[in-house]
Amino acid sequence: MHQTTPLNSSSSCLTHQSSPASGPSTSGCPVQHTSAPKGCPVEHASTTGLNPLNQMPSLPQTPLDPHSQSVPLPTDRTLSSIPRGMEGGKTRTWEYPSPQQFYNALVRKGWETPTEHVETMVDIHNFLNERAWNEVLRWEMRVAQFVVYSISPGDEQPHLARFKGRPGEMSPKARLWMFMGWLLPTRFNSEPPFDRHDWIVRRPRTGEEVRYVIDYYSAPPTPDGDPVFALDVRPALDNFGSVRERVSVGMNDIWETMRERGWGNNRS
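Remember, predicted model here, so these are calculated numbers, not experimental data. (Residues numbered from 1 in each chain as written. Predicted model: local features only at pLDDT ≥ 70, side-chain atom pairs only at ≥ 80, totals over all residues. Heavy atoms only, no water.)

1. Considering the overall build of the chain
What counts is decided by this rule: For the purposes of this entry, the term helix denotes a DSSP run of H or I that reaches at least four residues, the term strand denotes a run of E that reaches at least two, and both are numbered from the N terminus. In this scheme, a residue with accessible area under 20% of its type's maximum is buried, one over 50% is exposed, and one in between is partly exposed, where area comes from a 1.4 Å probe on protein chains only. Note on areas: Shrake-Rupley, 1.4 Å probe, and residue coverage restricted to the protein chains presented here.
From N to C terminus, the chain includes four helices and nine strands. Start at the N end of the chain and walk to the C end: the helices and strands fall as β-β-β-β-β-α-α-β-α-β-β-β-α. Counting the 268 residues in the chain, one finds 40% classified as buried. Surface exposure of the chain reaches about 14700 Å², of which carbon and sulfur atoms provide 53%.

Here it is as structure tokens:
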């Protein structure tokens, strides 16, 4: 399932086929679309090096090299809408890195980035993760039709238990799309995803943990020049339940396409 997401300069709202969504205001995307980005600079191997207070990698809030950083960057962190579990009867959400932390991660990886672009990059990073979580919830709502649990107010909802960035590891589905792009270049895009995340989502009502694979793609910009991203979010084929969900959604998409084209309708 692909979610195409343009970053529309007419909106400053931070909200992976559905209707396009507006993203953070930007006067020029710092992500280079001529060559695929190397993935998210923030280390997402979330099993080690976590700050226990916010469940995010421990990144300093001060410049790694004050002499090389041209302007100061904000150190405020933004709370996401992505739940990470219940604590003290309240739902806790994941916290995004501050622009200063994000820039420090870029410096550590040796990625040269103008300091004035960092805040826009953080907005894009946060925006894409919010969209990815929305797609995860769409899958989870479908799953609720097959398993004995519900997503309703008052219940502990599915949450992101842990995650890992895997930008150097292409998923089997991404490899398939690249092969199709080579085989049928006029119908399929042969560009690889610029990033990949694996998210482990826990379903508290059943205790089950499900791995989701998220491939992040750069797409052609809008006529106005706004950058566009496509997210492919789906449960990994780790068990029969996930296979069933993927097949069911795939068949529904096929039937929907057939209905839109009028196949099967009686014509006089």
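2. Section: the pattern of salt bridges
We count it as follows: Counted as salt bridges are all cases of a side-chain nitrogen of Lys or Arg within 4 Å of a carboxyl oxygen of Asp or Glu.
If you walk through the whole model with that rule in mind, you get 14 salt bridges. Residue E87 is joined to R84 by a salt bridge in which the shortest nitrogen-to-oxygen separation is 3.1 Å. On the accessibility criterion, E87 (38% relative accessible area) is partly exposed. D232 is paired through a salt bridge with R234; the nearest N and O atoms lie 3.7 Å apart. R234 matches D232 in its accessibility class, with the two residues each being buried. In this structure, a network of salt bridges that share partners links the residues R166, E169, R196, D198, R211 and D238.

3. A look at the nonpolar core
For clarity, the cut-off: In plain words, nonpolar cores are sets of buried Ala, Val, Leu, Ile, Met, Phe, Trp, Tyr and Cys residues tied together by side-chain atoms within 4.5 Å.
Membership of the largest hydrophobic core comes to 23 residues, with the highest contact counts inside it found for L128, W199, Y212 and Y216. Contributing elements (two or more residues each) for this core: α2 (118-143), β6 (159-165), β7 (195-203), β8 (208-219) and β9 (228-235). Counting residues per element, this core draws most heavily on α2, at seven residues. L73, F102, Y103 and V118 belong to the second largest nonpolar core, which has seven residues in total.

4. With respect to the packing of α2 against helix α4 (residues 240-260)
The condition is simple: Only the stretch in contact is used when fitting a helix axis, every axis being a line fitted to C-alpha atoms; angles between N-to-C directions are given from 0 to 180 degrees. For classification purposes, an angle smaller than 35 degrees is called roughly parallel, one larger than 145 roughly antiparallel, one from 65 to 115 roughly perpendicular, and anything else oblique. Two residues form a contact once any of their heavy atoms are found within 4.5 Å. Nonpolar residues are Ala, Val, Leu, Ile, Met, Phe, Trp, Tyr, Cys and Pro. Charged residues are Asp, Glu, Lys and Arg, and all others, Gly as well, are polar.
Contact pair α2 / α4: the axes reach a minimum separation of 11 Å and the direction vectors enclose 100°. The angle between the axes of α2 and α4 places the two elements in the roughly perpendicular class. Residues W139, R142 and V143 of α2 pack against E245, R246 and V249 of α4. When grouped by side-chain class, the residues that make up the contact of α2 with α4 number three nonpolar, no polar and three charged.

5. Focus: the pairing of strand β4 (residues 79-87)
Quick reminder of the rule: Strands qualify as paired when DSSP identifies two bridges or more between them.
Bridge count between β4 and strand β5 (residues 90-95): five bridges; the pairing is antiparallel. When the bridges of β5 are listed, L79 appears paired with E95. Where β4 folds back onto β5 in an antiparallel hairpin, the turn is made up of two residues, including G88, whose phi is positive at roughly 60°.

6. A word on the environment of V249
Position of V249 relative to the elements: it lies in helix α4. Each C-alpha atom of the pair V249 and R142 lies 8.7 Å from the other, and the pair is 107 residues apart in sequence.

7. Section: helix α1 (residues 99-108)
Burial of α1 is extensive: eight of the 10 residues sit out of reach of the surface. For α1, the complete set of buried residues consists of P99, Q100, Q101, F102, Y103, N104, A105 and L106. Against α2 lie the buried residues of α1. G110, located one to two residues past α1, shows a positive phi value of around 75°.

8. Considerations on the packing of α1 against α2
At their nearest, the axes of α1 and α2 sit 9 Å apart, and the two run at 100° to each other. Viewed along their axes, α1 and α2 adopt a mutual orientation that is roughly perpendicular. Within the contact between the two elements, α1 uses P99, F102, Y103 and L106 and α2 uses V118, E119, M121, V122 and H125. Counted by class, the contact of α1 with α2 contains seven nonpolar, one polar and one charged residues.

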